[in-house]
Amino acid sequence: MPQDWRQEGFWEGPPAEQASGKNAESLLYSRDRRLEILRLFQGELPMSIMAAKKIQRLDDIAHGTYAAKARSGDDPRLSNIFDVSGQSVRNGALSMFPQNIGRAVLLLYSNVGDLVIDPFAGHNSRMALTVKEGRRYQGYDICAEFMTSNREEALKYPDAEIQLHQQDSRMMIYSASDSGDFTVTSPPYYDIEHYGDEPEQLGKLPSYESFLTDLGAICFENHRVLKKGAYSVWFINDFRKDGVFHAYHMDLTALMLKAGFSLVDTMIVDLGYPIRAAFANQIVEQKILPKRHEYGMVFKK
């Protein structure tokens with residue numbers, strides 16, 4: 001069973017009044033405590049800027065479904081899938097969720113046994129990392145292909161409590177109000193990535209404005225299903241469409257605040273050196289900065 005750093009007695013050391021001083025005992029306690037935290041987080045201590053570890057896209061925990069199809073040319077709709085991170089634009093893969101950073105925020109903002117509610121389950125971006133750390137997982141996604149893959153993956157964790165609902169997250173009908181302990185998720189990027197053919201897909205909406213309106217409904221649902229004091233972390237990136245820059249993380253923040261959340265922190269995720277940075281002439285000519293980051297927006301109910 002994964003160990004929780006908030007469990008009573010996880011560290012044994014001097015009382016708080018002694019540990020706050022600068023004597024030898026308190027310094028040793030502080031050092032040992034830091035080492036225990038670093039071991040728990042496997043060196044990925046949560047900070048305001050964190051580097052996403054790269055993985056091979058065909059080794060994606062969704063079995064490389066979309067990436068493989070895009071590369072093979074079997075599905076022409078996938079040939080122009082845009083990766084908002086700026087990585088592997090030519091590979092035709094969906095944007096990737098930073099697993100190492102997702103684990104870090106999961107450990108920081110939730111406890112063993114907690115219920116994690118994910119309104120955008122996607123291609124098993126968060127299910128596995130959640131249950132591996134002893135949390136319960138409840139994921140929603142309207143995409144039949146994603147959810148079929150997720151159910152297959154869930155069989156690998158027979159002792160975990162996993163609930164998967166192929167359901168529109170605008171109404172998370174299987175989640176009771178004030179039932180969730182934490183949310184970690186990544187929303188869709190309007191219609192610049194292909195998430196499935198279902199008519200309920202947010203990317204099927206006629207405009208970015210209407211997309212935001214319906215995303216706002218999901219923000220309200222996220223607020224409804226979480227307990228008071230629970231955190232909700234959304235990993236998100238800005239993007240361009242038809243030459244128009246959309247400050248998506250700012251638009252999402254406005255929606256979450258309207259839903260009743262407070263913005264309590266912001267994380268910058270370093271995605272690494274972007275491919276576009278290799279084309280210096282394009283940077284100068286287009287005056288568009290190569291993107292090597294995304295945001296982790298930390299909200300609290």
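You'll find the structure just up there.
The model shown is predicted, which means the values in this text are computed figures rather than measured ones. (Residues numbered from 1 in each chain as written. Predicted model: local features only at pLDDT ≥ 70, side-chain atom pairs only at ≥ 80, totals over all residues. Heavy atoms only, no water.)

**Q** Honestly, the nonpolar core in this entry has me stumped. Any pointers?
**A** Nonpolar side chains tend to gather and get buried jointly when the protein is soluble and globular. Judged by nonpolar contacts, the single largest core of 33 residues is most densely connected at Phe211, Leu215, Trp234, Tyr248 and Leu252. Sorting the residues of this core by element identifies β2 (115-118), α7 (208-225), β6 (226-236), α8 (248-259) and β10 (293-300) as the ones contributing at least two each. Excluding its chain neighbours within four sequence positions, the residues that come into contact with Phe211 are Pro188, Tyr190, Leu202, Leu205 and Tyr248. If you look at the next biggest cluster of nonpolar residues, it comprises 21 residues, including Val105, Phe182, Val233 and Val269. (Core = buried A, V, L, I, M, F, W, Y, C linked by side-chain atoms within 4.5 Å. Buried < 20%, exposed > 50% of the residue type's maximum accessible area, 1.4 Å probe, protein only. Helix = DSSP H or I, 4+ residues; strand = E, 2+ residues; numbered from the N terminus. Contact = heavy atoms within 4.5 Å.)

**Q** Please explain the pairing of β6 as it appears in this structure.
**A** Consecutive residues of a regular strand have side chains that alternate between opposite faces of the sheet. As paired strands, strand β5 (residues 180-185) and β6 are joined by five bridges and run parallel to one another. When the bridges of β6 are listed, Phe182 appears paired with Tyr231. In this structure, β6 lies alongside β10, joined through six bridges in antiparallel fashion. Across the sheet, Trp234 pairs through a bridge with Met297, a residue of β10. (Pairing = 2+ DSSP bridges.)

**Q** Help me understand the pairing of strand β3 (residues 136-140), please; the structure alone is not making it clear to me.
**A** Counted residue by residue, β3 has four buried out of five residues, so it is predominantly covered. For β2 and β3, the ladder comprises four bridges, and the chain directions are parallel. The residue bridging Ile117 from the neighbouring strand is Gln138, located in β3. The parallel pair β2 and β3, bridged by helix α5 (residues 127-132), forms a crossover whose chirality is right-handed. Two strands pair when backbone bridges link them, and β3 and strand β4 (residues 162-165) are joined in this way by four bridges, in the parallel orientation. (Right-handed = clockwise from strand over helix to strand, strands pointing away.)

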